[in-house]
Amino acid sequence: MKYKTLTLKRGKEESLLRFHPWVFSGALTAMPDDVEEGDIVRVVASDGRPLGVGHFQIGSIAVRMLSFFDIEITPLFYRQALEQAWKMRKALGLQRPDNSAFRLVHGEGDFLPGLVVDIYGDTAVLQAHSPGMHFAREIIAGQLVKIEGLGVKNVYYKSETTLPYKANLDAVNDYIIGHSDNNVAVENGLKFNIDWLRGQKTGFFVDQRDNRSLLEHYSAGRRVLNMFCYTGGFSVYAMRGGASLVHSVDSSAKAVALTDANIELNFPGDTRHKAFAEDAFKYLDNIQPEAYDLIVLDPPAFAKHRSARRNALRGYQKLNAAGISKVAPGGIVFTFSCSQAVSREQFRLAVFSAAAQTGRKVRILHQLTQPADHPVNIYHPEGEYLKGLILYVE
Ligand code: SAH
């Protein structure tokens, strides 16, 4: 075997034997000094027993496991993993004439740690979160276009901001295969301009699809405020759901322009919608009480790391207190956290504190999570990141 071998300290093999895909640097004995970032390495127990192969990286997570067998990582390996991911999405029925946006690969959730692939029609946007996946990008792109029925013709690589900064990989966002100027994707029959060249993440937050559908269901006749709107996903669904007015707010002027464009694409000339470039906290402070019957709070991850968790929880509490206190009686609040470092319990506790602070009667109608195309590998509970509550406020 051509791969370099990393040896675990005694007793540190437990988590790998239970298929957890990460090896922490503290679990390793001294490393061969010629191991380089992004290398494929073999991992063995202290007694030499092989535990599998993975991508090596400098940092607290030292190896992201690709296989728990001592195999060679070939193009066929990626092909088979991608085919499995596609087989599962086919079972979910996400590729339809009225739906062309979905996640094909969700990192550890698809047994491909460090890799994200979102599909927008015939374009795949590929994002690497590890140097190993960065080095494998061309092989992966080459396999993606070969998958039968998936229909991918173009592969855009977008990892400038997702790779570890210190690895100095100088990743450039660009097409690996093909090129497309048709960036309109369809989600549940609604059209969205996807800006994979300049947008956040892969250009769109596909993970809110199911929650947006629920919002549509609750929108009829309601005055809706979509806070942190980004591309206006929730706003477009609220419009179709028959909201009497929809206001979208984002601190980024670019996001506001994207939202306006997506509303225009689906509801040209409809005067029910207005978007505002403003800070969420300021906006909520300034609105009249009872101005809205339905408020969506979908902020960016307040805690990117565990160390930021306390401040994040305070932020969620403050935001939710503002939302709950302002919604009209009989109103509904959709509230989310996408911080992986904040657990479902902690988030719910923050919302509980917020509700108590307002003194209003609040009930939980739904508990929300990420959709099925963002699966959680059962051996990697850290993969569960999106949490939401739908509240009914008297
Ligand atoms: N709800 C969106 C995703 C939200 S992403 C969707 O369904 O697609 C988070 C958004 O919050 C970003 O667009 C970012 O520009 C915006 N944002 C960050 N801080 C903000 C603040 N203080 N006030 C208002 N918007 C903010």
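Above this text is the structure in question.
Below is a short write-up of the structure. Here the structure is a predicted model, which means the values were calculated and not measured.

For the rest of this paragraph, the subject is the nonpolar core. In terms of nonpolar packing, the biggest core is built from 34 residues, with Tyr120, Leu215, Leu294 and Phe334 touching the most fellow members. For this core, the secondary-structure elements that each account for two or more residues are strand E12 (190-193), helix H5 (209-218), helix H6 (233-240), strand E16 (292-297) and strand E17 (327-337). With 5 residues, the top contributor of residues to this core is H6. With residues up to four places along the chain from it excluded, the contact list for leucine 215 reads Phe234, Tyr237, Ala238, Leu294, Val296 and Phe334. Grouped together as the second largest cluster of nonpolar side chains are 33 residues, Ile73, Phe102, Val117 and Leu150 included.

Below, the discussion takes up the sheet that holds strand E13 (residues 223-227). The strand order across the open sheet built from 7 strands is E15-E14-E13-E16-E17-E19-E18, with neighbouring strands paired in mixed fashion. Among the strands making up the open sheet, the edge pair consists of strand E15 (273-277) and strand E18 (362-368). Going across the sheet, the axis of each strand differs from the next one's by a mean of 15°, ignoring polarity. Bridge count between strand E14 (residues 245-250) and E15: 5 bridges; the pairing is parallel. Bridging from a neighbouring strand, histidine 247 pairs with lysine 274 of E15.

Attention now goes to the environment of glutamate 264. Checked against the element boundaries, glutamate 264 lands in helix H7 (residues 253-266). Sequence separation between glutamate 264 and phenylalanine 334 is 70 residues; the distance between their C-alpha atoms is 24 Å.

Criteria and thresholds
- Residues numbered from 1 in each chain as written.
- Predicted model: local features only at pLDDT ≥ 70, side-chain atom pairs only at ≥ 80, totals over all residues.
- Heavy atoms only, no water.
- Core = buried A, V, L, I, M, F, W, Y, C linked by side-chain atoms within 4.5 Å.
- Buried < 20%, exposed > 50% of the residue type's maximum accessible area, 1.4 Å probe, protein only.
- Helix = DSSP H or I, 4+ residues; strand = E, 2+ residues; numbered from the N terminus.
- Contact = heavy atoms within 4.5 Å.
- Pairing = 2+ DSSP bridges.
- Axes fitted to C-alpha atoms, helices over the stretch in contact; angles between N-to-C directions.

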